[in-house]
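Spelled out from the first residue to the last, the chains are:
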Number of protein chains: 6
Amino acid sequence: MSDRTALVVSAHSADFVWRCGGAIALHQAAGTAVTVVCLSYGERGESAKLWKQDGMTLDKVKAARRAEAEAAAAALGVSDIRFFDLGDYPLQMDRAARERLVEAMREVQPDFILTHSKYDPYNTDHMHTCEVTLECRMIAQAWGHNPGETVLGAPQVYLFEPHQTEQMGWKPDVFLDISSVWDAKRAAIECMSGQEHLWAYYTNLAENRGNHFRRNSGGQSGGRPATHAEGFQSVFPRTVESL
Amino acid sequence: MSDRTALVVSAHSADFVWRCGGAIALHQAAGTAVTVVCLSYGERGESAKLWKQDGMTLDKVKAARRAEAEAAAAALGVSDIRFFDLGDYPLQMDRAARERLVEAMREVQPDFILTHSKYDPYNTDHMHTCEVTLECRMIAQAWGHNPGETVLGAPQVYLFEPHQTEQMGWKPDVFLDISSVWDAKRAAIECMSGQEHLWAYYTNLAENRGNHFRRNSGGQSGGRPATHAEGFQSVFPRTVESL
Amino acid sequence: MSDRTALVVSAHSADFVWRCGGAIALHQAAGTAVTVVCLSYGERGESAKLWKQDGMTLDKVKAARRAEAEAAAAALGVSDIRFFDLGDYPLQMDRAARERLVEAMREVQPDFILTHSKYDPYNTDHMHTCEVTLECRMIAQAWGHNPGETVLGAPQVYLFEPHQTEQMGWKPDVFLDISSVWDAKRAAIECMSGQEHLWAYYTNLAENRGNHFRRNSGGQSGGRPATHAEGFQSVFPRTVESL
Amino acid sequence: MSDRTALVVSAHSADFVWRCGGAIALHQAAGTAVTVVCLSYGERGESAKLWKQDGMTLDKVKAARRAEAEAAAAALGVSDIRFFDLGDYPLQMDRAARERLVEAMREVQPDFILTHSKYDPYNTDHMHTCEVTLECRMIAQAWGHNPGETVLGAPQVYLFEPHQTEQMGWKPDVFLDISSVWDAKRAAIECMSGQEHLWAYYTNLAENRGNHFRRNSGGQSGGRPATHAEGFQSVFPRTVESL
Amino acid sequence: MSDRTALVVSAHSADFVWRCGGAIALHQAAGTAVTVVCLSYGERGESAKLWKQDGMTLDKVKAARRAEAEAAAAALGVSDIRFFDLGDYPLQMDRAARERLVEAMREVQPDFILTHSKYDPYNTDHMHTCEVTLECRMIAQAWGHNPGETVLGAPQVYLFEPHQTEQMGWKPDVFLDISSVWDAKRAAIECMSGQEHLWAYYTNLAENRGNHFRRNSGGQSGGRPATHAEGFQSVFPRTVESL
Amino acid sequence: MSDRTALVVSAHSADFVWRCGGAIALHQAAGTAVTVVCLSYGERGESAKLWKQDGMTLDKVKAARRAEAEAAAAALGVSDIRFFDLGDYPLQMDRAARERLVEAMREVQPDFILTHSKYDPYNTDHMHTCEVTLECRMIAQAWGHNPGETVLGAPQVYLFEPHQTEQMGWKPDVFLDISSVWDAKRAAIECMSGQEHLWAYYTNLAENRGNHFRRNSGGQSGGRPATHAEGFQSVFPRTVESL
């Protein structure tokens, strides 16, 4: 799997940890270079604990969130994490921001992309990220966009797990065994000191997705013994040589 | 891929040819033993041309349809084709018929199953087949059903392409490259002398699905050059070790 | 429009009045012979008022419901109403009952069929009727079913309006102007003395569907001035020579 | 809340524990009499561990499953648990079985009903149970069904949580705080000695649903501090006097 | 119910009357302070009758529409109605307009919010209002947005009834009994002199929703005798202590 | 059919050929004046072949694409084709561009409009075009938008066929017989020299849609013998005087 690359587009700086930290660690460990783009720090909307401290400022929150994200990335084995610092609640990607994401796609030439679900009435930043990622993928494929650059192929886009799946209409069609890298994901999760109330939540979830993995990989009579898993929804059909 | 097995559950004796003849030929050629179960001959509802002949009887229609299906199976490299002769329009699977399908599942122990789409307002036999196949898969997995027999694992069920996909709510998530076995599929199609009006239709379709394959395997800038393909909709999520 | 025929499949003996009485009267007035099949009298489940009377019996309820339905049919100009008397709550169509409906389809050779919506958690008789009507349409089309009989073509199936449309997932794609026959429909409605609480309801509905008709036939700036309308959901696509 | 009653329709004898044990214990504790109907023991399909023992027979499995279910019911405070013993994998409810369920509905006169989700490709017994429950609710409401008996009102039907929610198209619109009875639910879960692999799963789930409860009851800035919750999908709209 | 507050976000100045006038009057009468925000006057797109008069100007239309809305609000008992005057057809909420709505949310601290449906191919202003309301709710919840202000909790968002429900994919899960305030709603409706063609429509609708209320609150055998009702679709799941 | 008019809104300059060239030629031949608006030339994203040539510039690509589109329009009998030159990948319609489309709608006063499908994860320009067309239709209907101009009525909007229908959630409810103008459509297709790889694709498709036409216009027993067809999805319900 070496020579492969992947791109994660994360609306806020912690999303990549909860939602696909296992996939990142697993692929990075197998030689796939994973680039993580954090569009914002989640500084306004996902940092309540910090804002409850005296004397807090926007810059301090951003710095704290960045440090947490960098530590988590390191725990997952990621060396390429980029902060676009576009603001959150709402996240709004203007033409320049989109162009920057297109450039990242062309530079990385990912074999697959990971991003947010299509619908989220709780968090419109997540929907916006999904929509813009699809637009940028299209632009990056265009021969007439910055002619002379290498265009993007047709990488799969996997939508990672939102917080309340059923409310988002998210349906996983792939379960990934992350048992071998669970410790790394847990370590990354523990870097998120501002959201400690979610540590147990995402640990429970990984264990339960492990159960779903086993249900679908053989059921009662056998199957690979994954202890932890992550689920993803594919946007595009797969092309295969064998069923 | 040798040692793998597959099971096709076809409502009428020609369905397996149009809808997954390429998948059958491809896997059979690669050493996967494919068992085809034809629940009926399509003798009442899909044999108009025969019934327009003078002196036609139900037995003659069945015999003709069986001969066509056997020839098609041979063209696809299949040696195990079974005719349940359950009647069509409507196809109705009673307890005994379902038990027979359960037995076939346990005997074959398929790595994957191919059958009809969930919804079809034109042809309720197709819906019935899908529904019963899922029920039988569940029964075949039960340790308490004929205790002592080897239970079925958790094979994927792929829904093959219905005639008017959009009316059936069928959405392919997998395209299979059948270029290398297209000639075999076309030969099998030509065994269906009673439905000659569909030969060009399914040839056009295979070519256009080839286009869809190419669109998704790399787009304008590259990708595997499939000339013919078939599409499938997975019922269950996949379990993978890598994205 | 003369020489055309239509078939209404009504689960209970009053459904055809509320749900498509206008369509029946309109087409009958234009020379289309409309056959109404009442699968049951709604004797158990839709006759609460009768059952609250002393000394009521199943036969008395059926007779009363039949008389109401016949009067309503007459008010709509229908001369061919048939009572299959299959029982209700639940309505269950066995093989013989289905065969009888197939025969009616072949005899009538309808240009279009009207029946219930696909989904109804309040009333499973309605769902069952829709499902069986589609099955019977398929059988009636089969050359090998009672060979020698004239097979059915491919008539459109219109699903008429259920009681709480949004709960049934019913979406009208056709509004029919029934202004010219509204008086006949109201007269038919008033034949339903056992369900007087619904008279105002279906009058309100016809007026409001008239508003929807006007909204879609020209909006604020014009359009045909329908005062009353009925809505229908088509099961199959239309085939046209012009948009 | 005393004087209220509820009815749980469970396909297999353990379903009521995992899926709505908290709701049962909570309402029972508040004076609502909850009747649990187990349509089967899950003897064939959900008793793998038992069948792996030497000398196992169908009767022994049933007896073991019954004992577990009775113990769990006791742990939840339920005194009225009924075993219909209809068989599983597949569960098939014939006319007599449905009549029996109708009778239970009329006898109990539940203020609400709890049962399985509408769709489940893994387990057709679950779908069948949901479908039949809706049919029986309709029959129980009919004045002409066993005239003279008290008819059923219009109780809400809540669909409890299936094993892989997203694959079933199940979407919870209600979260119930079961914190106060969690210990009882856990005790009931531990009665299911044959399915010990699910204990942690459903504990994790209850904790995570507690998180969802808190997210929706006030979010970051407040809200009731539920530690455990269960989710339900309502079939019918609510009727209220205030939003 | 005193001490509660509610917020209505109405795209055009008449929407709040037709779509939730009953809910407003009912809650206001019970001591809930309801704030109505009219994003525009509907001056371009929903004032055809005014524009057909000679010498009409945009300012005159706005003034007339404002007067109507104020009169209607008074009829419903509302003392806090705000006109954002953002323009219609299309309504476009820029950053400043959104900020203004966020401020209103924080000031009012509503227990629930009422606004338009998610989809409306006839009227994109309605969709835009729903989308922006969800975004603003998210921003108002963010601790880092104008730090120091009291953040918004997690109020339910109810989507009120669009004009052609089935075309909008709107499905009510709540029916509210507005019988006691129907006269006030009708009085408010009659303030809308420019849209007299809709008075009967919305009266019919309220009566028919009353029927739906009764169907779901007890059916044939009982239930609260609402004569008029309004329907709503909840965006978020409820959190309850009892079913 | 003379005196009718139609408007096609095409995101890129070739879309109108592949997706509704038959409808255009058919109606134009029958006296309906069809106006084609090309929002962009598809110069960046749909001109890969041109960009692979040495010395290519944006202006050269646009000129080549315009010449192809004009030739195709001529082949279809269209005399009114307009190029808005708004740019592609991404196409972004600002207020002025939308105003221009509104003006075209009011000028043309189309009896029906043809445009792209609602959803397309491969090509967000297509989605954007659909969304903006619905918005502009609404604005064009508003009496207060440029008062004094003739407002638009309520024309049907037909969504033409996207490239991979199932991935777009596009479901045709109308099949149009284009047999008589197939030669013209093929001639127009052959004007698209930059996308020769799609000629066979859209020929196959037209033949297969002809098969679907025949399936729905009478089936095995008869029906109009269309050889080629196009499919469309209606956005709004139809208003009819007869079923």
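Chain A is annotated in an unreviewed UniProt entry as 4-oxalomesaconate hydratase from Roseivivax sediminis.

Caption draft 1: Geometry of the overall build of chain A. Within chain A, the regular secondary structure consists of 8 helices and 8 strands. By the compact-globule yardstick of 18 Å for 243 residues, chain A fits well, its C-alpha radius of gyration being 18 Å. Taking the contacts inside chain A whose residues are at least 6 apart along the sequence as the reference set, 76% of them involve residues at least 24 apart. Total accessible area on chain A is roughly 7,700 Å²; 48% of this is exposed by carbon and sulfur atoms. Within chain A, one finds 24 positive and 31 negative side-chain charges whose respective centroids are separated by 3 Å.

Caption draft 2: Local environment of the sheet that holds strand β2 (residues 33-38) of chain C. Reading across from one edge, β3(C)-β2(C)-β1(C)-β4(C)-β5(C)-β7(C)-β6(C)-β8(F) is the order of the 8 strands in this open sheet, with mixed pairing throughout. Only two strands of the sheet have a single neighbouring strand rather than two, namely β3 (80-83) of chain C together with β8 (238-240) of chain F. Averaged over neighbouring strand pairs, the angle between their axes works out to 25° when direction is ignored. As paired strands, β2(C) and β3(C) are joined by 4 bridges and run parallel to one another. Residue pairing in the sheet places Cys38(C) in a bridge with Phe83(C) of β3(C). Together, β1 (5-10), β2, β3, β4 (112-115), β5 (156-160), β6 (174-177) and β7 (229-234) of chain C form the strand contacts of helix α1 (residues 15-29) of chain C, whose direction differs from that of β7(C) by roughly 100°. Against the sheet, helix α5 (residues 124-140) of chain C touches β1, β4 and β5 of chain C, its axis set at about 160° to β4(C).

Caption draft 3: Looking closely at the interface of chain A and chain B. Every contact between the two is made by 38 residues of chain A and, on the other side, 38 residues of chain B. Buried area between chain A and chain B, summed over both chains or domains, comes out near 3,100 Å², and the portion from carbon and sulfur atoms is 56%. Broken down residue by residue, the surface that chain A buries against chain B is led by Arg238(A), Thr239(A) and Leu243(A), which jointly contribute 27%. Applying the counting criterion to the chain A and chain B interface returns 0 salt bridges. In this assembly, chain A and chain B are joined by 14 residue pairs in polar contact (both at pLDDT 80 or more). Within the residue set of the side of chain A that touches chain B, elements represented by two or more residues are α1 (15-29), β4 (112-115), β6 (174-177), α8 (199-216) and β8 (238-240) of chain A. It is β6(A) that contributes the most residues to the side of chain A that touches chain B, 4 residues altogether. Classifying every residue of the side of chain A that touches chain B gives 20 nonpolar, 11 polar and 7 charged. Pairing between β6(A) and strand β8 (residues 238-240) of chain B: 3 bridges, direction parallel. Bridge pairing in β8(B) places Leu176(A) opposite Val240(B).

Caption draft 4: The sheet that holds strand β1 (residues 5-10) of chain D, seen in detail. The strand order across the open sheet built from 8 strands is β3(D)-β2(D)-β1(D)-β4(D)-β5(D)-β7(D)-β6(D)-β8(E), with neighbouring strands paired in mixed fashion. Both edges of this open sheet fall to β3 (80-83) of chain D together with β8 (238-240) of chain E, since each of them pairs with a single strand only. Within this sheet the neighbouring strands show an average axis-to-axis angle of 25°, counted without direction. Strand direction decides the pairing type here: β1(D) and strand β4 (residues 112-115) of chain D, joined by 3 bridges, are parallel. Residue pairing in the sheet places Val8(D) in a bridge with Leu114(D) of β4(D). Across the sheet, helix α1 (residues 15-29) of chain D is in contact with β1, β2 (33-38), β3, β4, β5 (156-160), β6 (174-177) and β7 (229-234) of chain D; its angle to β7(D) comes to roughly 100°.

Caption draft 5: View of the environment of Val181(E). Residue and element names in this part refer to chain E. Position of Val181 relative to the elements: it lies in the loop between β6 (174-177) and α7 (182-190). Among the residues examined, Val181 registers a relative accessible area of 9% and is labelled buried. Along the chain, Val181 and Ala23 lie 158 residues apart, while their C-alpha atoms are 8.7 Å from each other. When neighbours within four sequence positions are excluded, Val181 is seen to be in contact with Gly22, Ala25 and Leu26.

Caption draft 6: Summary view of the environment of Thr124(D). Inspection of the secondary structure assignment puts Thr124(D) in helix α5 (residues 124-140). Residues Thr124(D) and Pro90(D), 34 residues apart in the sequence, show an inter-C-alpha distance of 7.4 Å. Excluding anything up to four places from it in sequence, Thr124(D) contacts Leu134(B), Glu135(B) and Met138(B).

Caption draft 7: The relation of the copies chain A and chain B, seen in detail. Each copy of the sequence occupies a distinct position, and chain A is placed on chain B by a rotation of 180° and an axial shift of 0.0 Å, giving an RMSD of 0.0 Å. This pairing of chains is accounted for by a two-fold axis. No C-alpha of chain A lies nearer the rotation axis than that of Asp173(A), which sits 4.7 Å from it.

Caption draft 8: Molecular detail of the packing of helix α7 (residues 182-190) of chain C against helix α8 (residues 199-216) of chain C. Residue and element names in this part refer to chain C. Contact geometry of α7 with α8 gives a least axis separation of 10 Å together with a crossing angle of 160°. The angle between α7 and α8 places the two elements in the roughly antiparallel class. Crossing hand, α7 versus α8: right-handed. Of the residues in α8, those in contact with Trp182, Arg186, Ile189 and Glu190 of α7 are Trp199, Tyr202, Thr203 and Ala206. When the residues that make up the contact of α7 with α8 are grouped by side-chain class, the tally is 5 nonpolar, 1 polar and 2 charged.

Caption draft 9: Unusual backbone geometry, seen in detail. Tyr89(A) connects to Pro90(A) through a cis peptide bond whose omega is 5°. The phi dihedral of Tyr89(B) falls on the positive side, at around 45°, and the residue is not glycine. With respect to the element layout, Tyr89(B) can be found in the loop between β3 (80-83) and α4 (95-108).

Caption draft 10: Inspection of the pairing of strand β7 (residues 229-234) of chain B at higher detail. All names here are of chain B. In terms of burial, β7 is a largely internal element, 6 of the 6 residues being buried. Of the two faces of β7, the one carrying Ala229, Gly231 and Gln233 and the one carrying Glu230, Phe232 and Ser234 are both buried. Two elements, strand β5 (residues 156-160) and β7, share 3 bridges in a ladder whose sense is antiparallel. Bridge assignment links Tyr158 to a residue of β7, and that residue is Ser234. In this structure, strand β6 (residues 174-177) lies alongside β7, joined through 4 bridges in antiparallel fashion. Counted as the bridge partner of Val174 is Phe232 from β7.

Definitions and limits used
Residues numbered from 1 in each chain as written. Chains lettered and ligands numbered in written order. Predicted model: local features only at pLDDT ≥ 70, side-chain atom pairs only at ≥ 80, totals over all residues. Heavy atoms only, no water. Helix = DSSP H or I, 4+ residues; strand = E, 2+ residues; numbered from the N terminus. Rg over C-alpha atoms; globule rule 2.2 N^0.38 Å. Contact = heavy atoms within 4.5 Å. Areas by Shrake-Rupley, 256 points an atom, 1.4 Å probe, with all protein chains shown as cover. Lys, Arg positive; Asp, Glu negative; His and termini not counted. Charge placed at Lys NZ, Arg CZ, Asp CG, Glu CD. Pairing = 2+ DSSP bridges. Axes fitted to C-alpha atoms, helices over the stretch in contact; angles between N-to-C directions. Buried area = accessible area lost by both parts, 1.4 Å probe. Salt bridge = Lys/Arg side-chain N within 4 Å of Asp/Glu carboxyl O. Polar contact = N/O pair within 3.5 Å; in protein donor to acceptor, adjacent residues only side chain to side chain. Nonpolar A, V, L, I, M, F, W, Y, C, P; charged D, E, K, R; others polar. Buried < 20%, exposed > 50% of the residue type's maximum accessible area, 1.4 Å probe, protein only. Least-squares fit on C-alpha atoms with pLDDT ≥ 70 in both. Parallel < 35°, antiparallel > 145°, perpendicular 65-115°, else oblique. Left-handed = near helix turned anticlockwise from the far one by under 90°.

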